[in-house]
Each structure stands twice: as C-alpha cells, then as structure tokens.
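For reference, the chains in residue letters:
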Amino acid sequence: MRTLDRYIFRQLILPVGGAVAALTAIALLSQSLTQFDLVVERGQNAWTFIKITLLSMPQLAGLIFPIALFVGTLVALTRMQGEHEFTAAYASGMSLMRVAYPILRIAIYFTLISLMVNLFIQPLTNRAMRQELFNVKNDLISSLVREGDFSTSESGLTIYVQKIDQNGLLRQIFIRTDEPDGKDQTFAAREGRIKKIDGSSILIMRNGSNQQLAGKGVLDHLTWDEYSFDITSYFTSDDYLQYKEGDRYMHELAFPIRYDYEKTVWQKYYAEANARIANPLYNLAFVMLAIVSVLGGRFSRNGYAQRIAIAAAAAAGTRIFGVVVETASASAWIINILQYVVPLIPVFMCWRQIRRHDGLTPGLRPRAVQAKSALRPL
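Remember, predicted model here, so these are calculated numbers, not experimental data. (Residues numbered from 1 in each chain as written. Predicted model: local features only at pLDDT ≥ 70, side-chain atom pairs only at ≥ 80, totals over all residues. Heavy atoms only, no water.)

A. Representation of the overall build of the protein chain. Scanning the protein chain for helices and strands turns up 14 helices and 6 strands. Counting every position in the protein chain, which comprises 378 residues, the buried fraction comes to 42%. The long-range share in the protein chain, meaning contacts at least 24 apart out of those at least 6 apart in sequence, stands at 61%. Put simply, the protein chain shows about 20600 Å² of open surface, and 61% of that area lies on carbon and sulfur atoms. (Helix = DSSP H or I, 4+ residues; strand = E, 2+ residues; numbered from the N terminus. Buried < 20%, exposed > 50% of the residue type's maximum accessible area, 1.4 Å probe, protein only. Contact = heavy atoms within 4.5 Å. Areas by Shrake-Rupley, 256 points an atom, 1.4 Å probe, with all protein chains shown as cover.)

The structure is reproduced here in structure tokens:
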C-alpha cells in the first residue's frame, strides 16, 4: 500500500477494532446471562459455564462484524472528513474510489474472516458446545439430585442430598434402592462424590452405613469409612446427542440425505449452507453504506447526521430482511437465491453512487477535483 493508503488503513483499524471488542463484550454478557442457570439450577462449576459461553461466540460473529465495521467506519470517516483530510487527498489527485480502496480492503478482510468462521470454526465450536450441554443435561447430579429434596428415578432409586458444593461434593446423603422381594437397601453417608469410571457412574461415599433386610426378618447393618455404589443401572436414559443445522459442516449440509429424518429437513440444511456463504457479504455492504453516508455526497459543514441516519436505517432494514429471507428459505429452496441478492443490492447501489461521485457525473465531483480539471490546459 502507498503511504496515504496505509494512513487511512491505520485510522480505520483502531475504531473498527474497538467496536468489535465492545460488541463482543456485550455479546459475552448477554450469553453469560442466558447460561447462568447452569450454575444456579444445574449445579455446574464455573469452568463449564465459561466454556459454554465462549463456545457460543463464533455463532454471533456474523452479527457482530457487520455492525462493528459500520460503526467503526463511520467514526473514523466522520473525524477525518471533519478535519479536511479527504479534501487534501482529493487535492493531491486521488479519486473517491482511490480513497475508498483501503477502507474496502478492511471490509474484504473481515468478509474472508467471517467466511472462514462460518465454514470451519462455527460448526466445530457448536459441536463442542452441544456436547457440553448434552453432558450437563444427562449429568446425574444436575438431572435428579436437588438440595434438600427427595428425588426418585424411574427405576425406583430415591436419593436425598442436604447440600451440593460447587466442586460437586455431596453432603449428608441418604439413598434407598427398590429391590425385589422387599429387600430394599438404605445408605446414609456424611459425604460423597459421583465419578465416571470405565463408562459407569460410581457414587463414592465416605463415613456412612447401609442397612438391608436379610432372610427371616434379620436386619443387616454395616458401617464403613468408604463405600463405592454403582448407580449406572438406576439412571437409564434413551436420550442421544443430535446435531442441529448450525452444528454441521458444509459437506453434511450439502449432502444430508442419509436417514429418514434428514430427508424431511433437507431444505433447512440447504438454507443453513447458503446462509453461511451469503452472510459474510453484509460486512462489505455495511462498509460501503458507511462510505456513501460520509463521502458519497457534497461536503457539509453541518455534519452528515441525515445521511448517516439513512444509511443506518438501510443497514438495519437490509439485515432484518436478510433474516426473514433466511427463515423463508427453510421452506422453499428457490428463495436461497435471495440470500445473496439482499446484501448485494446495497453493494451495487453504493458502488454506483461512488462511481457517480467519482467523476462520471461532473456536477457531483469533489470540488478539489473539479478545480484541478479546470486548470488543465486545453
């Protein structure tokens, strides 16, 4: 890049990066609030909460990047235009298209990054997040055990825990098993912990005792320091991990017809595949709207509030209509074409406006360029 291109690039990258960081922080806060029940209701530790929150972020990149680019570009261009830096660039012989070149380069970089995230990182993180949520859902402590409540599974096992620590330690445990012939067992322990050993869930209890009615009405009572109790058979679940559209890779979306269930939702898969390719185009569209709102008209000493408001409304309307089209594409595959048309319409219109202001229409040329043309010898 030339010196002036590098200068414009540096002036834009800082506000754009700041906007990305601010919107990412807001998205992290909103996601953490939605996942907060993992700690409060499910009894999960802080690491599980943080991991699930972070794994959900790549899915939001498609919404964060275009808005951050729009806001950051507006901030940088408004400041530079107010300080007459673009007027100096025009006076040096640069056209509007040449001035916009480093700005569009940033948009293209973010478009490619967003495309890579959609194609590779999003399905990878979504699968990991889905696996974590599945583990939380089928966690014995979070699915059945409740502090201060007697809970009974479908197999007849009744368990009571007075307190559950954040590290998973169970305190003051009482268990009753439903055995045939009325020979139920009861366990009482001061503390315990559930561990996974060779695919089985083992409850390791400490400082407790158990009782069982033996033959001829004799009650067997046994005390122990540590006792291992296999509770896998008492918690049977027919639930299985199933990936949604957002969790699948592109080849799985493009060739989904494998099972009877997938034959009924193939249109959703195609809509998701096209959305991943089309959504990065909003980065380019939003940047071009920002360029046109500040540089796509005559210089104004009173600012560009009206043009910026129109550009913001156009950006919001374009994105909302894109979401509507993406939703409609799940029911009619032909609508997938509109997923590309919607972001390309503002790109084409802004490109046309830039070319018009760049000198194809003499009345709209920058004043500095007009003055330079007037001084050229005949």
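Next, the rest of the story.
B. Spatial organisation of the pairing of strand β4 (residues 185-197). Bridging between strand β3 (residues 170-177) and β4 involves 7 bridges; their strand directions are antiparallel. Bridge pairing in β4 places Arg171 opposite Glu191. Pairing analysis gives 12 bridges linking β4 to strand β5 (residues 200-213), with the strands arranged antiparallel. Note that in β5 the partner of Ile197 across the bridge is Ser200. (Pairing = 2+ DSSP bridges.)

C. Molecular detail of helix α11 (residues 281-295). Taking 1.5 Å as the rise per residue, α11 with 15 residues should run 21 Å; its terminal C-alpha atoms sit 21 Å apart, in good agreement. Of all the 15 residues making up α11, 13 are buried; the element is thus mostly covered by neighbouring parts of the structure. (Expected span 1.5 Å × (residues − 1).)

D. Quick peek at the sheet that holds β3. Here we have 6 strands laid out as an open sheet, ordered β1-β2-β3-β4-β5-β6, and antiparallel in their pairing. Single-partner strands in this sheet number two, and they are β1 (150-152) and β6 (219-230). The mean angle between the axes of side-by-side strands here comes to 25 degrees, regardless of whether they run parallel or antiparallel. (Axes fitted to C-alpha atoms, helices over the stretch in contact; angles between N-to-C directions.)

E. Looking closely at the side chain of Asn210. Summarising the element assignment, Asn210 is placed in strand β5. A distance of 2.9 Å separates polar atoms of two side chains, one belonging to Asn210 and the other to Trp224. Beyond its immediate stretch of four places on either side in the chain, Asn210 contacts Gln185, Thr186, Phe187, Asp220, His221, Leu222 and Trp224. (Polar contact = N/O pair within 3.5 Å; in protein donor to acceptor, adjacent residues only side chain to side chain.)

F. Layout of the environment of Tyr270. Mapped onto the fold, Tyr270 is located in helix α10 (residues 266-278). Counting along the chain gives 16 residues from Tyr270 to Ala254, while the straight-line C-alpha distance between them is 6.4 Å. Beyond its immediate sequence surroundings of up to four residues, Tyr270 is in contact with Leu253, Ala254, Pro256 and Asn336.

G. Just the layout of surface pockets, in detail. Estimated volume of the second largest pocket: approximately 410 Å³. Contributing to the lining of the second largest pocket are 21 residues, with Gln59, Gln122, Glu272, Asn279 and Glu326 lying nearest its centre. Secondary structure elements with two or more residues in the lining of the second largest pocket: α4 (57-82), α6 (96-137), α10 and α12 (305-329). The leading source of residues in the lining of the second largest pocket is α6, at 5 residues. (1 Å grid on protein atoms, 1.4 Å probe; cavity = no way out; pocket = protein on both sides within 12 Å on 5 of 7 lines; lining within 4 Å. Points joined across faces, edges and corners; volume = space filled by probe spheres on them.)

H. Inspection of the environment of Gly62 at higher detail. Within the secondary structure, Gly62 is located in helix α4. Sequence separation between Gly62 and Asn279 is 217 residues, and the spatial gap between their C-alpha atoms is 6.6 Å. Sequence-distant contacts of Gly62, defined by excluding residues within four places in its chain, comprise Ser114 and Arg319.

I. Representation of the pairing of strand β2 (residues 158-164). Bridge count between β1 and β2: 3 bridges; the pairing is antiparallel. Residue pairing for β2: Ser151 is matched across the bridge by Ile159. Here β1 folds back onto β2, and the loop between the two strands holds 5 residues, one of which, Gly156, carries a positive phi near 100 degrees. The loop that links β2 with its antiparallel partner β3 comprises 5 residues; one of these, Gly168, has a positive phi angle of about 90 degrees.

Nothing here speaks to function; it is all geometry.
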